[in-house]
Amino acid sequence: MSGGAVRRVAEIASYHAHIYFEPGGEERDRALALRETIGERFAVRLGTVWDRPVGPHSRAMYQVAFEPALFGTLVPFLMLNAGGLSVLIHPNTRNMRRDHLEDRLWLGTPLDLKGEVLAEENEAELAGEVNTAPTAEP
Ligand code: ZN
């Protein structure tokens, strides 16, 4: 790697998956069914279901916050089960804007983000308290 220091994975305090949907229709139903499925299989923090754009997000969505240790199972699970929904997966480091705009990955169709509302210097966000009680294997 040329120019600049190699960044370390330890920078990543947690990850978010943002699962987007069209409000008021079949796509919303599928997105919420997926939310439930995630909750039954993963110890994560499920966020509010927003039926309107919030923050940098240009469409309705909900967030799933998770520990780095879950990346290797939750992300493949979403690959297999997102069913064509747009999903943004980003790390949480000390630069939210870069997390969302550069260091992300997408499943499904990538969407526009309002990067200008995001800080470029911030505390790295932790996954937060788990609010699911999984009973099934992923
Ligand atoms: Zn996020």
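These numbers were taken from a predicted model, which means no experiment stands behind them. (Residues numbered from 1 in each chain as written. Predicted model: local features only at pLDDT ≥ 70, side-chain atom pairs only at ≥ 80, totals over all residues. Heavy atoms only, no water.)

A. A look at the coordination of the zinc ion. With distances of 2.0 to 2.2 Å, the protein atoms coordinating the zinc ion are His-16 (ND1), His-18 (NE2) and His-90 (NE2). Summarised as a motif, the one-chain spacing of the donors to the zinc ion is H-x1-H-x71-H. A single burial state applies to His-16 and to His-18, both of which are buried. (Donors = N, O, S within 2.8 Å, 3.2 Å for Na, K, Ca; no water. Buried < 20%, exposed > 50% of the residue type's maximum accessible area, 1.4 Å probe, protein only.)

B. Seen up close, the packing of aromatic side chains. According to the stated counting rule, one finds four aromatic pairs in the structure shown. Both rings, one in Tyr-15 and one in Phe-71, keep their centres 4.7 Å apart while their planes meet at 45°; by these two values the pair is tilted. With a gap of 56 residues between them, Tyr-15 in strand S1 (residues 14–20) and Phe-71 in helix H2 (residues 71–81) connect regions that are remote in the sequence. Under the relative-accessibility criterion, Phe-71 is labelled partly exposed at 25%. Pairing Tyr-20 with Trp-106 gives two aromatic rings, centres 5.9 Å apart and planes at 35°, and the pair type is tilted. One end of the pair, Tyr-20, is in strand S1; the other, Trp-106, is in strand S5 (residues 105–107), and 86 residues separate them in sequence. On the basis of relative accessible area, Tyr-20 is assigned to the buried category, the value being 1%. One aromatic cluster is present, built from ring pairs that chain together Tyr-15, Phe-66 and Phe-71. (Phe/Tyr/Trp six-rings, centres within 6.5 Å; stacked < 30°, edge-to-face > 60°. Helix = DSSP H or I, 4+ residues; strand = E, 2+ residues; numbered from the N terminus.)

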